[in-house]
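Observations on chain architecture
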Amino acid sequence: MKTLERRSFLSLISTATLGSAFYPAFGFGNQNSQSPRQIGTGTCWLDVCAPFIIQDAALGIDSEIVLTADNFIGANGHADGSDATEYQILLYDSEGRPIGENGIARRLTAGAMRTTVIPVSELVGPDKSFWGGMRIRLRPKTRTPTHASDLFSSAFIRWKSRASFTNVHANPDPLQWQRADSFFYSMPFPPLEDYDCVYSLFNPYAERSVGALTLYDQFGTTLKELPYDLNPHSSLLVDLRKGEYARNVDETFTGKRAAARGGHRGGTIAVTNRQGSVKNFGYLLIKPSRAPRFSIEHPIHQQPYHPAAARVPFDGAGRFQAQNILYTPLVFRSKKIGGVTLDSRFHLSSGAPVEECLWLNPFITDARGSVVWQAGEGSKLPSSIPERQIERGAIKLGGQQSCILDCTQLDLPKGFSGGLSLAITPLTNHTLMKVEVMAPEWNARTFTHFRPGLAAARNYQKPVSRSGLCTDYIVAGACLAGDEGRMIRDEIIAVINIDDKSIAGNPTLEIFTAGGLKTRVRLGEVPAFSCRHYLLSALVSGKIGPNDLSLRLVDEQATLLMSVLHLDYERRDIAADHGSDRFSTFGEFTCDLKA
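On a predicted model such as this, the values are computed, not experimentally measured, just so you know. (Residues numbered from 1 in each chain as written. Predicted model: local features only at pLDDT ≥ 70, side-chain atom pairs only at ≥ 80, totals over all residues. Heavy atoms only, no water.)

Observations concerning the overall build of the chain
Filter applied, for reference: Helix and strand assignments come from DSSP, with helices taken as H or I runs of at least 4 residues and strands as E runs of at least 2, each series counted from the N terminus. This radius of gyration counts C-alpha atoms alone. The globule rule is 2.2 Å times how many residues there are, raised to the power 0.38. Accessible area is worked out with a 1.4 Å probe on protein chains only. A residue is then buried under 20% of its type maximum, exposed over 50%, and partly exposed in between. In what follows, a contact means two residues having at least one pair of non-hydrogen atoms within 4.5 Å. The Shrake-Rupley method, run with a 1.4 Å probe sphere, supplies the accessible areas, and residue values consider only the shown protein chains as cover. Within this scheme the basic residues Lys and Arg register as positive and the acidic residues Asp and Glu register as negative, but His and the chain ends are omitted. A charged residue contributes its charge at one atom only: NZ of Lys, CZ of Arg, CG of Asp or CD of Glu.
Secondary structure summary: the chain contains six helices and 41 strands in total. For 595 residues, the compact-globule formula gives about 25 Å, and the C-alpha radius of gyration of the chain, at 22 Å, lands near that figure. Out of the 595 residues in the chain, the part that is buried amounts to 65%. Restricting to contacts in the chain with at least 6 residues of sequence separation, those with at least 24 account for 79%. In the form shown here, the chain has an accessible surface area of approximately 21100 Å², with 47% of it arising from carbon and sulfur atoms. Positive and negative side-chain charges of the chain, numbering 63 and 60 respectively, have mean locations separated by a distance of 2 Å.

Here we look at the side chain of Asp-490
As a reminder of what qualifies: Contacts described as polar in this section are N or O atom pairs within 3.5 Å, which, within protein, must combine one atom able to donate a hydrogen with one able to accept it, while residues neighboring in sequence count only if both atoms come from side chains.
Along the chain, Asp-490 falls in strand E34 (residues 486-497). Side-chain polar atoms of Asp-490 contact the side chain of Ser-537, separated by 2.5 Å. Sequence-distant contacts of Asp-490, defined by excluding residues within four places in its chain, comprise Cys-479, Leu-480, Leu-535, Leu-536, Ser-537, Leu-565, His-566, Leu-567 and Tyr-569.

Notes on the pairing of strand E39 (residues 560-568)
Threshold: Paired strands, in this sense, are two strands between which DSSP finds at least two bridges.
Burial analysis of E39 places nine of its nine residues in the buried class, which makes it a mostly covered element. Side chains Leu-560, Met-562, Val-564, His-566 and Asp-568 project from E39 onto one buried face, and the interleaved Leu-561, Ser-563, Leu-565 and Leu-567 project onto a second face that is buried too. Pairing of E34 with E39 involves nine bridges; the strand directions are antiparallel. Within E39, the residue paired with Glu-491 across the bridge is His-566. In this sheet, strand E40 (residues 573-577) lies alongside E39 in antiparallel orientation, the contact comprising five bridges.

Examining the state of the cysteines
Filter applied, for reference: Two cysteine sulfurs form a disulfide in these notes if their separation is within 2.5 Å.
This model, assessed by the stated rule, comprises one disulfide. Here Cys-44 connects covalently by a disulfide to Cys-591, the sulfurs 2.1 Å from one another. Residues Cys-44 and Cys-591 share a disulfide whose torsion about the S-S bond is about -90°; that sign makes it left-handed. Of this pair, Cys-44 sits in the loop between helix H2 (23-26) and strand E1 (46-55) while Cys-591 sits in the segment after strand E41 (580-581), and the two are 547 residues apart along the sequence. By relative accessible area, Cys-44 is classed as buried at 14%.

Things to note about the environment of Gln-323
By the element assignment, Gln-323 lies in the loop between strand E20 (300-302) and strand E21 (324-333). Taking C-alpha positions, Gln-323 is 6.0 Å from Ile-424, a pair spaced 101 residues apart along the chain.

What about the pattern of salt bridges?
Basically, it comes down to this: Basic side-chain nitrogens of Lys or Arg form a salt bridge, by our definition, when they fall within 4 Å of a carboxyl oxygen of Asp or Glu.
In the structure shown here, the tally under the stated rule is 35 salt bridges. Among the ionic pairs, Arg-106 bridges to Glu-122, the shortest N-O distance being 3.3 Å. Here the residue Arg-106 occupies a position in strand E5 (residues 106-111), and Glu-122 occupies one in helix H3 (residues 120-124), the gap between them amounting to 16 residues. Salt bridges sharing common partners tie together Asp-47, Arg-135, Arg-137, Asp-173 and Lys-279.

So, the sheet that holds strand E14 (residues 222-230)
For clarity, the cut-off: Fitted lines through C-alpha atoms serve as axes, helices being fitted only where they are in contact, and the angles separating the N-to-C directions of these axes extend from 0 to 180 degrees.
In space, the five strands of this open sheet follow the order E14-E13-E17-E11-E20, with antiparallel pairing throughout. The open sheet has two free edges, formed respectively by E14 and E20, since each of these has just one partner strand. Ignoring strand direction, the axes of neighbouring strands in this sheet form an average angle of 25°. Pairing geometry for strand E11 (residues 184-189) and strand E17 (residues 267-273), over six bridges, is antiparallel. If you follow Ser-186 over to E17, its bridge partner there is Ala-270.

Structural notes on the packing of aromatic side chains
What describes a pair of aromatic rings is the distance from one ring centre to the other and the angle between the planes of the rings. Quick reminder of the rule: Note on aromatic pairs: the rings of Phe, Tyr and Trp (six-membered ring only in Trp) are paired at centre separations within 6.5 Å, and the planes decide the class, stacked below 30 degrees, edge-to-face beyond 60, tilted for the rest.
Throughout the structure, instances matching the rule amount to 12 aromatic pairs. Seen from their ring centres, Phe-314 and Phe-320 are 5.6 Å apart, and the 80° between their planes marks the pair as edge-to-face. Considered together, Phe-314 and Phe-320 belong to a single accessibility category, that of buried residues. Ring centres of Phe-314 and Trp-359 lie 5.7 Å apart, and the angle between their planes is 85°; on these two criteria the pair is classed as edge-to-face.

Concerning the confidence of the model for the chain
Applied cut-off: Along the chain, pLDDT gives the predictor's confidence residue by residue, from 0 to 100.
Of the residues in the chain, 92% have a pLDDT of 70 or more, and the chain-wide mean is 91. Contacts from residues 18-38, a stretch scored under 50 in pLDDT, to residues over four places away or in other chains number 38 contacts.

Examining unusual backbone geometry
That bond from Thr-425 to Pro-426 is cis: its omega, -5°, falls within 30 degrees of zero. Along the chain, Pro-426 falls in the loop between strand E29 (416-425) and strand E30 (433-439). You will see that Asn-102, though not glycine, has its phi angle at about 55°, which is positive. When you line up the elements, Asn-102 lands in the loop between strand E4 (98-99) and E5.

Quick word on the sheet that holds strand E36 (residues 516-522)
Pairing between the strands of a sheet is mediated by backbone hydrogen bonds and can be parallel or antiparallel. Taken in spatial order, the five strands line up as E36-E35-E38-E32-E41 in an open sheet, and their pairing is antiparallel. Unpaired on one side and paired on the other, E36 and E41 mark the two borders of the sheet. Bridge count for strand E32 (residues 471-479) against E41 is two bridges, and the pairing is antiparallel. If you follow Ile-474 over to E41, its bridge partner there is Ser-580.

What about the environment of Arg-532?
By the element assignment, Arg-532 lies in strand E37 (residues 531-535). Excluding its chain neighbours within four sequence positions, the residues that come into contact with Arg-532 are Ala-367, Ile-493, Ala-494, Val-495, Glu-525 and Pro-527. A distance of 3.2 Å separates the side chain of Arg-532 from the backbone oxygen of Glu-525, its partner in a polar contact.

Things to note about the environment of Ile-136
Structurally, Ile-136 can be placed in strand E7 (residues 130-141). On a C-alpha basis, the gap between Ile-136 and Thr-272 in space is 23 Å, while along the polypeptide they are 136 residues apart. Those residues in contact with Ile-136 that lie beyond four places of it in its chain are Leu-46, Asp-47, Val-48, Ile-65, Leu-67, Tyr-87, Gln-88, Ile-89 and Ala-155.

This is the structure:
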């Protein structure tokens, strides 16, 4: 493995920063404004939604709601007990029937950064089988009136069985989106020759949701279109292998495996609701064939639009001209951490691109910040990507296409860990790029997705209530537990430095329990453009206790991103949390209906 010249990828970063001027065309607003946008100071209820809530003793599956209450004013506003978050939990079974008095299953107020876990069995009854969808409403109670700063990290769902566990955040449903209008969302699904996949739709509204769900193969060819007409608050399940609706949730976990009707090498699932109809929300259950494990991932909404003509994103010298760079710190090639060997691959998709084609140019950095692999720089893309999806050394995807970048097929040494940067043109959504991490000894796999680019991060840094922190990142659902020297739960903390000013980071990891801040740990230097991995038990051995934890990464100088892998040594399973900036929705999803 050789390292590459830094200037070749610095040119990508510089053009990607300029590309932030194109954000208005993608509906994100002007992310590169030099002056902070004025944000209203009022407070209001904002919503997040989660499909596929399961509580079923017969299936051996329990669900839990994990609340972070991460709304507070200032860098340390969680410390004095002055700030909190009010929550209302609305739960509906698959037929749309509400759980709880007046349709609200639980009301509560949680102090800032006081991790709160609510078993769904407490809401539906300990012996009742349940599956359906959930809406959570939240409102900050802070010393300075404000709205929720990050809807992505406010509430999480965790599913557990005897053999597996997984978690994902509830998805934002801001006031601006709560209207009868046509919305589109999509995500890639993994190869159906290796996985059973079931998609859950949930309509959180009091009106019907009408539209169509379409399955595409890796080349964007339509496999099946399924119309849907969801009653208010109801849910549906779609079996991707069969290309048809599942009859019940039992069939999802215990039914006989059917032959796949296409999508053997992966593909895309896309949902479009009819104009004048309310949208719905979805999660994808991903279950390795012939294994009791499962993971859950999600898409995100955008409004439909007509793509512009395709452009060739290379300058006169043949250099790739990126409009943005997406990131993940979860690159592994036979890397052993915490006694578990890890490998990665990436499921990349175009969805409905702004232009007719989406171009992608990936590169990988190591713990020193050196580029160790870059597409088109004397390095071939792996055979997992078909030749027809490669042009001029870059990946080229038409609408609704997908491909797989497999780290085991790259020129990376065994024992490697680092970060993947994905230069893109035109702009697209980071949730279209999925991360799969595998633990071969455990036959375990988990899915999550990339993080947004530097232009978005710079925008998150502007609010006054952030107190000037360059990094303020949150993950939830962590745990550190052991028994007589035997590990039960641990965490792999992945940190990548994306700062374009070549600033080294010196971050602090803050660890929170139900009682608030438990301890702080300095991680040491994270060099410019580097990606580093830490084992939580090696950082704080004996200091925590077996608690549900929320983790916060802060840095005053450098722009860093954090993702986490949860390790469960009893289940021999892994789960992932991509992490989220604590102000990622503050400027976009406000109390103003017209924002």
